[in-house]
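What follows is each chain in one-letter form.
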Amino acid sequence: MKQGGRSLFSLSTLLASFFGAAMIAAAFAYFNYKFSEYKFIDFKEWTFYEQKDIFSPTEDDYIIVFYSSREPETAKLLSQTKLNYQILAIDYYNQVFPKTDGTTFLRSGTKTSLSFIQRFNIYESPSIFFIKKTKEQIYKQDSMILKLDNLNELSNKIKDL
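Now for a description of the structure that goes with this document. (Residues numbered from 1 in each chain as written. Predicted model: local features only at pLDDT ≥ 70, side-chain atom pairs only at ≥ 80, totals over all residues. Heavy atoms only, no water.)

### Things to note about the overall build of the protein
Alright, step 1. In terms of regular secondary structure, the protein is built from four helices and 11 strands.
Alright, step 2. For the protein, the residues scored as buried account for 34% of the 161 residues in total.
Alright, step 3. Look at the contacts in the protein between residues 6 or more apart in sequence, and 60% of them connect residues 24 or more apart.
Alright, step 4. A total of about 10,500 Å² of accessible surface is found on the protein, and carbon and sulfur atoms cover 54% of it. (Helix = DSSP H or I, 4+ residues; strand = E, 2+ residues; numbered from the N terminus. Buried < 20%, exposed > 50% of the residue type's maximum accessible area, 1.4 Å probe, protein only. Contact = heavy atoms within 4.5 Å. Areas by Shrake-Rupley, 256 points an atom, 1.4 Å probe, with all protein chains shown as cover.)

### Here's the deal with a nonpolar patch on the surface
Alright, step 1. A surface patch of nonpolar side chains, about 450 Å² in accessible area, is lined by Leu11, Leu15, Phe18 and Phe19.
Alright, step 2. Assignment of secondary structure puts Leu15 in helix α1 (residues 11-37). (Patch = residues over 30% accessible without salt bridge, like charges linked within 9 Å, V, L, I, M, F, W, Y side chains within 5 Å. Salt bridge = Lys/Arg side-chain N within 4 Å of Asp/Glu carboxyl O.)

### As for the packing of aromatic side chains
Alright, step 1. For the structure on display, the rule yields 17 aromatic pairs.
Alright, step 2. Here Phe43 and Phe55 contribute two aromatic rings whose centre-to-centre distance is 5.5 Å and whose plane-to-plane angle is 70°, an arrangement assigned as edge-to-face. With Phe43 in the loop between β3 (40-42) and β4 (48-50) and Phe55 in the loop between β5 (53-54) and β6 (61-67), the pair connects residues that are 12 residues apart, well separated along the chain. In this structure, Phe43 and Phe55 share a single accessibility class: buried.
Alright, step 3. The interplanar angle of 70° and the centroid separation of 6.2 Å between the aromatic rings of Phe55 and Tyr62 together place this pair among those described as edge-to-face. Across the pair, Tyr62 and Phe55 agree in class, each one buried.
Alright, step 4. Three or more aromatic residues link up through ring pairs in this structure, and these residues are Phe43, Trp46, Phe48, Phe55, Tyr62, Phe66, Tyr92, Tyr93, Phe116, Phe120, Phe129 and Tyr139.
Alright, step 5. Just above the ring of Tyr93 sits the side chain of Arg70; from NZ or CZ to the centre is 4.1 Å. (Phe/Tyr/Trp six-rings, centres within 6.5 Å; stacked < 30°, edge-to-face > 60°. Lys NZ or Arg CZ within 6 Å of the ring centre and 35° of its normal.)

Structural data, given as structure tokens:
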């Protein structure tokens, strides 16, 4: 149909609709990707132990260090590390170590350990990343996961995060 010499269904209307739909789809895909990029830890869902007691987070921010206690001097280096953030050191081999001023050593059952490794795609040890409190006992990953060549470079790597 023509109205005043112009078509009601013009090429510009078609292109505007197409580009509008494409922009909405791109925005949806981007925000979906960004939301899935960082993962969450629910300390009610996953049980970690601090020596004999169940760990309950009290800080708003932590540094997670996933490490192996079978690597020489690892626990000693972690216990001596003092940073502006509390370290939650999760041991792959679940050894028991006492808490220090800057580091809380955690261990867990096999199911929790495997779920943790799978959710955060941890393939190497030691690895570090930040978490930040979002709700009661729910923490959101707040940085990329970095592999440490050794724990001596921990404080240098934290500056990169």
